Amino acid sequence: MKINVFDTYEQMSAYAAQVIKEEINKKKNLNLGLATGSTPEGMYENLVEFFENDELDFSSVTTFNLDEYCGLTPSHSQSYHYFMDEHLLSKVNVKKENINIPEGDEEKHEDICKAYDKKISQAGGIDLQVLGIGVNGHIGFNEPGDIFVADTHLIDLTDTTIEQNSRFFSNGEEVPKKAITMGIRPIINANKVVLMANGPSKAHAIKISLEGPITPQVPASILQLHEDLIVILDKEAAAELESI
Ligand code: F6R
C-alpha cells in the first residue's frame, strides 16, 4: 500500500485525477470503477478539465459505478445516476453504452445484481477502482457486518450511513434506507485501487481500515490485502495513522 498525504483537498483531488489520467493514457479501454459522494467531487473537476484541455480521452473507457440508492429515479437530484452525470459523465466523451451504474430497483434487485456482476466479469473485471470511505469504514455500500459479501447485493443502509447522508437531503426521512452495491470481489480483484478520504470525520475510519484487524466489521480493512492500493488523504484524514 502506498499512502499519500496532502495538505489540502485541492492537492489530493489533483493527485487522484493524475493517477486516473495516467492509467487511461496507458490503457485507452480502461474499465474504471467510480464512486460518488463529496470526496471525489474535486477529482472529477480535474478530470473534466483534463478532457476540456484535450489531455484525456474517455471514448474507449468503460465505467462501473459502485452503487445506487433504492427508490430514487435516475433524474432525482440525489440519485447516483444524477450525481455521475452532473460531475463527470455528461461533461466528457464517455460513450453512453459504456456507462454502467446499478439500477436502484429493489423489486428487481436479484436480476439487477446478477446482471451487474456478469457485465463486470464479461468486461474482464475492473482495471482501476476509485473508492471513498464511510465514517464506519464502508466501501461502496458494503456496510459493516458479519461477512464480506462478494457479489453485487441489496443492502439495508446502517443508521450511521443514513445519518451521514442526510446532509444531502432536506430531512433525514427522505434518505433512502436501502441501496444496491457492488460487492467486495470486483473491488479486491481490481488491478489497482485508489482509496480517497478527507476531513477529520474520516480519520478514525482510515486508522482502523489501514492499521486495524482485517474484519467485515470494517469493510475497507480488506483493502490491506490488495497489492496495488494507493491511498490519497488530506492531513486531517491521515491524523490518526501511526505508520506514516
Ligand atoms: C459512494 C460510495 C460511498 C462513499 C462514502 C463516502 O458511491 O460508494 O462508499 O464513498 O460514503 O462518502 P463521502 O465522500 O460523501 O463522504
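Everything below is about the structure shown above.
This text gives an overview of the structure that appears in the document. (Residues numbered from 1 in each chain as written. Predicted model: local features only at pLDDT ≥ 70, side-chain atom pairs only at ≥ 80, totals over all residues. Heavy atoms only, no water.)

1. Observations concerning helix H4 (residues 109–122)
Quick note on the threshold: Strands here mean DSSP runs of E at least two residues long; helices mean DSSP runs of H or I at least four residues long; both are numbered from the N terminus. Between the first and last residue of a helix there are one fewer steps than residues, each counted as 1.5 Å, and that sum is the expected span. Think of it in three bands: residues with accessible area under 20% of the maximum for their type are buried, residues over 50% are exposed, and the middle band is partly exposed, with areas taken using a 1.4 Å probe on protein chains only. In this description, one arc is meant: the one made by directions from the helix axis to the C-beta atoms. Whether two residues are in contact is decided by their heavy atoms: any pair within 4.5 Å suffices.
The end-to-end C-alpha distance of H4, which contains 14 residues, comes to 20 Å, matching closely the 20 Å that a straight helix rising 1.5 Å per residue would cover. Among the residues of H4, those classed as buried are Ile-112, Cys-113, Tyr-116, Asp-117 and Ile-120. Along H4, the residues classed as buried sweep out an arc of 125 degrees about the axis, all on the same side. Opposite the packed face of H4, turned more than 90 degrees from it, sit the exposed residues Glu-110, Asp-111, Lys-114, Lys-118, Ser-121 and Gln-122. Taken together, the buried residues of H4 touch strand S3 (62–65), strand S5 (99–100), strand S7 (153–156), strand S8 (178–181) and helix H6 (184–189). Gly-124 sits one or two residues past H4 and shows a positive phi near 95 degrees.

2. So, the side chain of His-138
Rules: Here a polar contact is taken to be a pair of N or O atoms separated by no more than 3.5 Å, where protein atoms must pair a possible hydrogen donor with a possible acceptor and residues adjacent in sequence count only if both atoms sit in side chains.
Structurally, the position occupied by His-138 is in the loop between strand S6 (128–131) and S7. Within the structure, the side chain of His-138 is placed 2.9 Å from the side chain of Glu-143, a separation counted as a polar contact. At 3.2 Å, the side chain of His-138 and the side chain of Thr-161 are in polar contact. Excluding its chain neighbours within four sequence positions, the residues that come into contact with His-138 are Gly-132, Ile-133, Glu-143, Thr-161 and Pro-219.

3. Regarding the packing of helix H2 (residues 41–52) against helix H3 (residues 80–89)
Heads up, the rule is: Lines are fitted to the C-alpha atoms to define the axes, a helix being fitted only along its stretch in contact, and any angle between axes, read from their N-to-C directions, falls within 0 to 180 degrees. Orientation is classified from the angle alone, with under 35 degrees giving roughly parallel, over 145 giving roughly antiparallel, 65 to 115 giving roughly perpendicular, and any other angle giving oblique. Under the scheme applied here, ten amino acids are nonpolar (Ala, Val, Leu, Ile, Met, Phe, Trp, Tyr, Cys and Pro), four are charged (Asp, Glu, Lys and Arg), and all others, including Gly, are polar.
With their axes 9 Å apart at the nearest point, H2 and H3 run at an angle of 45 degrees to one another. Put simply, H2 runs oblique to H3. On H3, the residues that touch Glu-41, Tyr-44, Leu-47 and Val-48 of H2 are Phe-83, Met-84, His-87 and Leu-88. For the contact of H2 with H3, the class distribution of residues is 6 nonpolar, 1 polar and 1 charged.

4. Some points on the packing of aromatic side chains
Ring pairs (aromatic) are described by centroid distance and by the angle formed between their planes. Stated precisely, the cut-off is as follows: Pairing of aromatic rings covers Phe, Tyr and Trp, the last counted by its six-membered ring, and requires centre-to-centre distances within 6.5 Å; plane angles under 30 degrees mean stacked, over 60 mean edge-to-face, and any other angle means tilted. Here, a charge over a ring is recorded when the distance from Lys NZ or Arg CZ to the ring centre is within 6 Å and its angle to the ring normal is within 35 degrees.
Summed over the entire model, instances satisfying the criterion amount to 7 aromatic pairs. Within the aromatic cluster, the residues linked to one another by ring pairs are Tyr-69, Tyr-80, Phe-141 and Phe-169. Against the face of Phe-50 rests Lys-21, its NZ or CZ located 4.2 Å from the ring centre.

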